[in-house]
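Descriptive structure summary
Here is how the chains run, residue by residue.
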2 protein chains.
Amino acid sequence: MKPTVHDIAARAGVSLATVDRVLNGRPGVRAPTREKVEAAVAELGFVRDVAAANLAKSRVYTFAFIIPANDNSFMIGLRGELEAVRRWAAQDRISIQLIDVPAFDAEALASALDAVRAEQMDGVAFVAIDHPLVREALERLTESGLAAVTVVSDLMNSSRAHYAGIDNLAAGRTAATLLGRFLGRRDGPILPVAGSLQVQDHRERLEGFQSVLQDQFPERVLLPVVEGGDDPVRVEALVSQAAADHPELAGIYSFGAGNRGLIRALAAFPQGRHPVTIAHELTSVTRAALLAGHIDAVLNQDAGHEVRSAIRVLKAKADGAGVVVAQERIRIDIFLKENLP
Amino acid sequence: MKPTVHDIAARAGVSLATVDRVLNGRPGVRAPTREKVEAAVAELGFVRDVAAANLAKSRVYTFAFIIPANDNSFMIGLRGELEAVRRWAAQDRISIQLIDVPAFDAEALASALDAVRAEQMDGVAFVAIDHPLVREALERLTESGLAAVTVVSDLMNSSRAHYAGIDNLAAGRTAATLLGRFLGRRDGPILPVAGSLQVQDHRERLEGFQSVLQDQFPERVLLPVVEGGDDPVRVEALVSQAAADHPELAGIYSFGAGNRGLIRALAAFPQGRHPVTIAHELTSVTRAALLAGHIDAVLNQDAGHEVRSAIRVLKAKADGAGVVVAQERIRIDIFLKENLP
DNA sequence: GAGGATTTGAGGTACGTAAATCAGAATTTT
DNA sequence: AAAATTCTGATTTACGTACCTCAAATCCTC
């Protein structure tokens, strides 16, 4: 049925050992012989049985996940998914090491990357911070042959093999469309609430949001962005303040964490007069707010999908195999009260 | 590291052969011995290396996909995904047989199921039709030990192991919320366009749509549902007729196929006066219409995800393994112009 | 406790590939 | 042409599990 190395050897008129040398790029084969083998491989359509190969090699894939020690719901959820996938992956000889780094600390992230490189693992997934130190560490990493994948936050124009996360520009644009259309003819300004504009993702979301708003809803007033630092207390204070300053406040786009504070501020609005609100990341907090009607839509990235995608891609790279592209695209999930999972 | 059958044998104080008999449920082991082995398995946390086992068995998983010979874009897309996954699955010793049946033909589906049963495959995925003949055939199937999975359309309260598809009730509810909110204060009735109310999925979508509309937008007039039979020509005629009958037509919810005709009818509306429209399934047609602004939102089920999910579940059942539940939930994707993939 | 039946042990082969050794052949260098 | 070097073949072992055979041990029944 499916051709094996034995078939290749017979077809090419060489021995098993030679086939092995060619297939695994080992030295000691002259060019003409190598070509004979390669021709046989092509003719028979041989594909290595990865399972059997791994068995023979007793291969264990070792991947590292570098995750910021952030305590917001999203990161906690991501850790949970990682833990769940870990057990599942063990059945495929995949061992996943979790490495914590301080949040927003480019230096720590860079040295974590260097540490992984020293350990000779098969691949790394990490939440990127766009900083020269990180970029340099990443280049060193990929140059030593490690596959690297960014998760949640990307590092564009770098040597990472893949990005398992959403298009934040598109997310911002989507939020603007939804918010603009939900508002309809209702007057009043919109308040954008960021976590921190230091964070690339948040900047992109804001940019997408602004561009669609200017384009499609030019008459709508966009208040200056406030930064809540992903901190519920600060977010609550900022939103309450904005509500006091702008009694006609019609919409809120919250694209950082700390939504617990946002909800508290929203609950203070008189029934039926609260601003149309769109937030990011489906957590227990935003889910409850969605059901209660405090929030109108939640844009979400599926952390579980991101983790599994990162691992699939790392494994494919380690095997030199391809990936199902569509399967690895992380969608911008839009959740309304009606389509909650 | 990971315990092997040898470790189990040593731990239980029995021979390899006995361990093998226990693990594979072969006869010839007394209860006390069996228990010793099982205890050792539990203590050491032994999990069979499926890859090695399959290698030894030269096992090939054979699954059948029974797909209605429907020529709408969605089904064509599903076939495409199946074809793509087929090559990919071959690497995992999974062989997928595609079986065509006439669309909407319960009898044909039932006998296809019976045929699969006769062939002793490992599992079946099929697009269900709720009909006694189908239900009976399914029961026969699962009773002979085959795993069965429904795709796209479910068969509730049956012995299918899994349903790889969306919650159509929730989809209808989601559409109603979006449509209602997009319309805002704009007056005018809404036209629901079904494929056929004979189809369970369409009935469910309509039901969800109606319930939310009555609940949250009670003043909105819902026109009687029209059935386009998933046929572009008929859909176009029906929508054009409705537009003529109701010049104030404000919204359309199209939850069947044949959207090519819907788009044609929409293009006839004066610029800026066309009804807010929500359709199902992201195809080249609906994608173009979304970009052109003829359609306002598309609800989608990811056919590729459904196919892969069905296969993963079938394989897990065949191995007696578990599944990552969250990974197998098919989402209701909401696409706006801004978050198109 | 003899007879038969059942249970268990020991060992082997197989799956498809990796990786190693060693001998012999071919090629290149001197 | 001899020596050194490089290439190739033949063979073996291993990975973890399945499955087979044959013999030995244990059980049960009368």
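For the structure, check the block above.
Quick caveat: nothing in here was measured; it's all calculated off a predicted structure.

1. Re the protein's contact with DNA strand D
- Surrounding DNA strand D, one finds 28 residues, the nearest of these being A:Thr18, A:Val29, A:Arg30, A:Thr33 and B:Arg48.
- When the atoms of DNA strand D within 4 Å of the protein are grouped by moiety, sugar and phosphate amount to 75% of the total.
- One of the backbone N or O atoms of A:Leu55 is found 3.3 Å from a base oxygen in DNA strand D.
- At a separation of 2.8 Å, a phosphate oxygen of DNA strand D approaches a polar side-chain atom of B:Arg26.
- At the level of secondary structure, the elements contributing two or more residues to the surface near DNA strand D comprise helix 2 (16-23) and helix 4 (50-57) of chain A together with helix 1 (5-12) and helix 4 (50-57) of chain B.
- Element by element, the count of residues in the surface near DNA strand D is highest for helix 4 of chain B, at four residues.
- Its residues assigned to classes, the surface near DNA strand D comprises eleven nonpolar, nine polar and eight charged.

2. Some words on the interface of chain A and chain B
- At the junction of the two partners, chain A supplies 36 residues and chain B supplies 35 residues.
- Summed over both partners, the interface of chain A with chain B buries about 3400 Å², with 51% contributed by carbon and sulfur atoms.
- Interface area lost by chain A to chain B is led by A:Arg181, A:Arg331 and A:Glu338, which between them contribute 22%.
- Taken together, the links from chain A to chain B amount to eight salt bridges.
- Counting across the chain A and chain B interface gives 14 residue pairs in polar contact (both at pLDDT 80 or more).
- For the side of chain A that touches chain B, the secondary-structure elements that each account for two or more residues are helix 4, helix 8 (168-183), helix 9 (200-216), helix 13 (303-319), helix 14 (325-328) and strand 11 (333-335) of chain A.
- Residues that form the side of chain A that touches chain B fall into these classes: 15 nonpolar, six polar and 15 charged.

3. Focus on the pairing of strand 2 (residues 94-101) of chain A
Residue and element names in this part refer to chain A.
- Of the strand pairs in this sheet, strand 1 (residues 61-68) and strand 2 are connected by eight bridges, and their pairing is parallel. By the bridge assignment for strand 2, Thr62 is matched with Ser95.
- Considered for its hand, the β-α-β crossover made up of strand 1, helix 5 (residues 73-90) and strand 2 is right-handed.

4. Details of the packing of helix 10 (residues 232-245) of chain B against helix 11 (residues 259-267) of chain B
All names here are of chain B.
- Close contact between helix 10 and helix 11 brings their axes to 7 Å; oriented N to C, the two are set at 35°. Where helix 10 crosses over helix 11, the two elements pack in a sense that is right-handed. Along its contact with helix 10, which presents Pro232, Val233, Val235, Glu236, Val239 and Ser240, the element helix 11 presents Arg260, Gly261, Leu262, Arg264 and Ala265.
- Among the residues forming the contact of helix 10 with helix 11, the class breakdown is six nonpolar, two polar and three charged.

5. Quick notes on the environment of B:Val285
Residues and elements named next belong to chain B.
- With respect to the element layout, Val285 can be found in helix 12 (residues 284-292).
- Given a relative accessible area of 16%, Val285 falls into the buried group.
- The spacing of Val285 and Thr4 is 281 residues in sequence and 54 Å in space, taken between C-alpha atoms.
- Residues contacting Val285, with those up to four places away along its chain left out, are Asn259, Arg260 and Ile263.

6. Some remarks on the relation of the copies chain A and chain B
- Turning chain A through 180° and shifting it by 0.0 Å along the axis lays it on chain B, with an RMSD of 0.1 Å. One copy is carried onto the other by what is essentially a two-fold rotation axis.
- Interface residue correspondence from chain A to chain B reaches 97%, placing this contact among same-surface, isologous pairings.

7. Quick word on the protein's contact with DNA strand C
- Around DNA strand C, the surrounding shell holds 29 residues, and the nearest of these are A:Arg48, B:Thr18, B:Val29, B:Arg30 and B:Thr33.
- Here DNA strand C approaches the protein such that, of its atoms within 4 Å, sugar and phosphate make up 71%.
- The separation between a phosphate oxygen of DNA strand C and a polar side-chain atom of A:Arg26 is 2.9 Å.
- Within the backbone of B:Gly28, a nitrogen or oxygen atom sits 3.4 Å from a phosphate oxygen of DNA strand C.
- In terms of residue class, the surface near DNA strand C is made up of eleven nonpolar, nine polar and nine charged.

Rules and cut-offs
Residues numbered from 1 in each chain as written. Chains lettered and ligands numbered in written order. Predicted model: local features only at pLDDT ≥ 70, side-chain atom pairs only at ≥ 80, totals over all residues. Heavy atoms only, no water. Near = heavy atom within 4 Å. Polar contact = N/O pair within 3.5 Å; in protein donor to acceptor, adjacent residues only side chain to side chain. Helix = DSSP H or I, 4+ residues; strand = E, 2+ residues; numbered from the N terminus. Nonpolar A, V, L, I, M, F, W, Y, C, P; charged D, E, K, R; others polar. Contact = heavy atoms within 4.5 Å. Buried area = accessible area lost by both parts, 1.4 Å probe. Salt bridge = Lys/Arg side-chain N within 4 Å of Asp/Glu carboxyl O. Pairing = 2+ DSSP bridges. Right-handed = clockwise from strand over helix to strand, strands pointing away. Axes fitted to C-alpha atoms, helices over the stretch in contact; angles between N-to-C directions. Left-handed = near helix turned anticlockwise from the far one by under 90°. Buried < 20%, exposed > 50% of the residue type's maximum accessible area, 1.4 Å probe, protein only. Least-squares fit on C-alpha atoms with pLDDT ≥ 70 in both.

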